[in-house]
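Each chain, letter by letter, is given below.
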Amino acid sequence: MLNAIIVRYGEIGTKSPKTRRWFENILINNIKEALVSEDIEYKNVFAKHGRIIVKTNKAEEGVEVLKRVFGIVSLSPAAEIDAELEKIYKTSLKLFRRKLRTHGIEEPKFRVTVRRITKEFPLKSQELAAKVGEYILNNESCKVDLKDYDIEVGIELMEGKAYIYVEKVPGFGGLPVGTQGKVVALLSGGIDSPVAAFLMMKRGCEVIPVHIYMGEKTLEKVRKIWNQLKKYHYGGKSDLIVVKPQEREKIIQTLKQLKKENYTCVFCKYMMVKKADKIAREFGAKGIVMGDSLGQVASQTLENMYIVSQASDLPIYRPLVGMDKEEIVEIAKNIGTFELSILPEDEIPFIPEHPVIRGSWEQFKKLYKAIFGEEPRKRGCQ
């Protein structure tokens, strides 16, 4: 009975007609990629009148996959039929009864909503809704309640077809991956950085994940996190890039000799951004993504973030900067990365007992020169 999926988008619909078609085409490609990746067969995917329709006999399975595709606000597994009154009656009743069985609803309250996307159907929306509601009342023990309802029978009419549904599944919204260019995201294996990468994907960015090697246990955890994030990255082609820093030991030993171990974390993050900058230029990425939340730990104060940001003249995107930890954890749980992020990882032996909280850029430059024999380049200069 369910042979189609209605895909609804949000802000794509606010674009000019030419731009909207471009976004729609990318979203359609991402939808197809998602369905193929999960072995869900489909007959066709097309956009018309502010909707995308997926023709498939695995509509319910398809919805579970497509709700992770960015750019989609909501989806409904639907029955596509010819827009004939008798067929609409019978299909609406069948779907109504199907939901009664699957959800075990007793004495249900329901409403019918109709949207005529194209206007060739002879009845107006409210007239058809009233007739379908009356038909269901005459054949089932139930009552109408337009506000406090258990079941909504939705009907959308378009170009001689009726799409009837009883479920509306929310998507993540945002913009389709691939519409906003590439960014490099630093993945540490903690809770925050996967959420930061996710939020940039949601805004249409293709994410290039980069992990600075800390040990095999942590690397294995990061691989699992990236495999989970890829379930939202349809339209992106990137694989995890692992970088083994060569200068780490030199930095640690020199800071120890200078009795400036408190700058270790700032130096490590600075060097991470330098590595990310190099990779971003190789891939044509337009920025670097970090999971910093202002004031959460010592390396994430304004002063220390300023120092770290000098490592690249590319934009440093910090989508979590104004979030509380509870907000970040909630997103991580919702997208399936939280349980992976709290898995055991390698211990980091060189974290100082008292890291610098408000580092000085002038002091950092002196230490950098003591380690590398030259001052760090000034941001904005090649």
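Up top you'll find the structure we're talking about.
Before going into details, it helps to say that this report is about the structure given with it. (Residues numbered from 1 in each chain as written. Predicted model: local features only at pLDDT ≥ 70, side-chain atom pairs only at ≥ 80, totals over all residues. Heavy atoms only, no water.)

## Let's talk about the nonpolar core
Line of reasoning, step 1. Ile31, Leu66, Ile88 and Ile155 are the most contacted members of the largest nonpolar core, which totals 50 residues.
Line of reasoning, step 2. Setting aside anything within four residues of it in sequence, one finds Ile88 in contact with Ile81, Ala83, Phe121, Leu128, Val132, Ile155, Leu157, Ala162 and Ile164.
Line of reasoning, step 3. In this structure, Val210, Val266, Ala311 and Ile316 belong to the second largest nonpolar core, which totals 32 residues. (Core = buried A, V, L, I, M, F, W, Y, C linked by side-chain atoms within 4.5 Å. Buried < 20%, exposed > 50% of the residue type's maximum accessible area, 1.4 Å probe, protein only. Contact = heavy atoms within 4.5 Å.)

## A look at the sheet that holds strand 11 (residues 206-212)
Line of reasoning, step 1. Across the sheet, five strands lie side by side as 12-11-10-13-14; this open sheet has parallel pairing. Two strands in the sheet have a free side with no partner beyond their single neighbour: strand 12 (241-243) and strand 14 (316-317). (Pairing = 2+ DSSP bridges. Helix = DSSP H or I, 4+ residues; strand = E, 2+ residues; numbered from the N terminus.)

## Notes on helix 2 (residues 59-66)
Line of reasoning, step 1. Of all the positions in helix 2, only Ala59, Gly62, Val63, Val65 and Leu66 are classed as buried. The buried residues of helix 2 occupy one face: seen down the axis, they fall within an arc of 165 degrees.
Line of reasoning, step 2. Structurally, helix 2 contributes buried residues whose contacts are with strand 1 (4-9), helix 1 (17-37), strand 3 (51-55), strand 4 (72-82) and strand 9 (169-170). (Arc of directions from axis to C-beta.)

## Topic: the pattern of salt bridges
Line of reasoning, step 1. Under the defined criterion, the tally for this structure stands at 26 salt bridges.
Line of reasoning, step 2. In this structure, the salt-bridge partner of Glu345 is Lys221, at a minimum N-O distance of 2.6 Å. Of the two residues, Glu345 sits in the loop between helix 11 (338-341) and helix 12 (361-372) while Lys221 sits in helix 6 (residues 216-229), which places them 124 residues apart along the sequence.
Line of reasoning, step 3. Taking the relative accessible area as the measure of exposure, Lys221 reaches 3% and is therefore buried.
Line of reasoning, step 4. With a shortest N-O distance of 2.3 Å, Arg281 and Asp313 are connected by a salt bridge. Of this pair, Arg281 sits in helix 8 (residues 264-283) while Asp313 sits in the loop between helix 9 (302-309) and strand 14; the two residues are 32 residues apart in sequence, bridging distant segments of the chain.
Line of reasoning, step 5. Taken together, the shared-partner salt bridges in this structure form one network comprising Asp82, Glu84, Lys87 and Lys161. (Salt bridge = Lys/Arg side-chain N within 4 Å of Asp/Glu carboxyl O.)

## Considering the packing of helix 7 (residues 248-257) against helix 12
Each packed pair of helices is defined by two parameters, the angle between the axes and the distance between the axes.
Line of reasoning, step 1. Running from amino to carboxyl end, helix 7 crosses helix 12 at an angle of 115 degrees, the nearest separation of the two axes being 10 Å. Relative to helix 12, the crossing made by helix 7 is right-handed. Contact with helix 7, carried on its side by Lys250, Ile251, Thr254 and Leu255, involves Leu367, Ala370, Ile371 and Phe372 of helix 12 and no other residues of that element.
Line of reasoning, step 2. Here the contact of helix 7 with helix 12 is built from residues that sort into six nonpolar, one polar and one charged. (Axes fitted to C-alpha atoms, helices over the stretch in contact; angles between N-to-C directions. Left-handed = near helix turned anticlockwise from the far one by under 90°. Nonpolar A, V, L, I, M, F, W, Y, C, P; charged D, E, K, R; others polar.)

## Some thoughts on the environment of Tyr163
Line of reasoning, step 1. Residue placement: Tyr163 occurs in strand 8 (residues 161-165).
Line of reasoning, step 2. Expressed as a C-alpha distance, the spacing of Tyr163 and Glu362, which sit 199 residues apart in the sequence, is 65 Å.
Line of reasoning, step 3. Apart from the residues within four sequence positions on either side, Tyr163 is in contact with Ala4, Ile6, Phe46, Ile53, Ala78, Ala79, Glu80, Gly154, Ile155, Glu156 and Met158.
Line of reasoning, step 4. Here Glu80 takes part through its side chain, which lies 2.8 Å from a polar atom of the side chain of Tyr163. (Polar contact = N/O pair within 3.5 Å; in protein donor to acceptor, adjacent residues only side chain to side chain.)

## Things to note about the environment of Asp150
Line of reasoning, step 1. Examined against the element boundaries, Asp150 turns out to sit in the loop between strand 6 (143-144) and strand 7 (151-158).
Line of reasoning, step 2. Looking at Asp150, the relative accessible area reads 35%, which means it is partly exposed.
Line of reasoning, step 3. Sequence spacing of Asp150 and Tyr163 is 13 residues, and the spatial spacing of their C-alpha atoms is 20 Å.
Line of reasoning, step 4. Sequence-distant contacts of Asp150, defined by excluding residues within four places in its chain, comprise Lys99, Ile105, Glu107, Pro108 and Lys109.

## Side note on the pairing of strand 8
Line of reasoning, step 1. Across the five residues of strand 8, four count as buried, placing the element largely inside the fold.
Line of reasoning, step 2. Inspection of the sheet shows strand 4 paired to strand 8 by four bridges, in the antiparallel sense. Paired with Glu80 across the bridge in strand 8 is Tyr163.
Line of reasoning, step 3. Note that strand 7 and strand 8 share five bridges and pair antiparallel. Opposite Met158, over in strand 8, you have Lys161 as the bridge partner.
Line of reasoning, step 4. The turn joining strand 7 and strand 8, which pair antiparallel and follow one another in sequence, is formed by two residues; a positive phi near 50 degrees is taken by Glu159.

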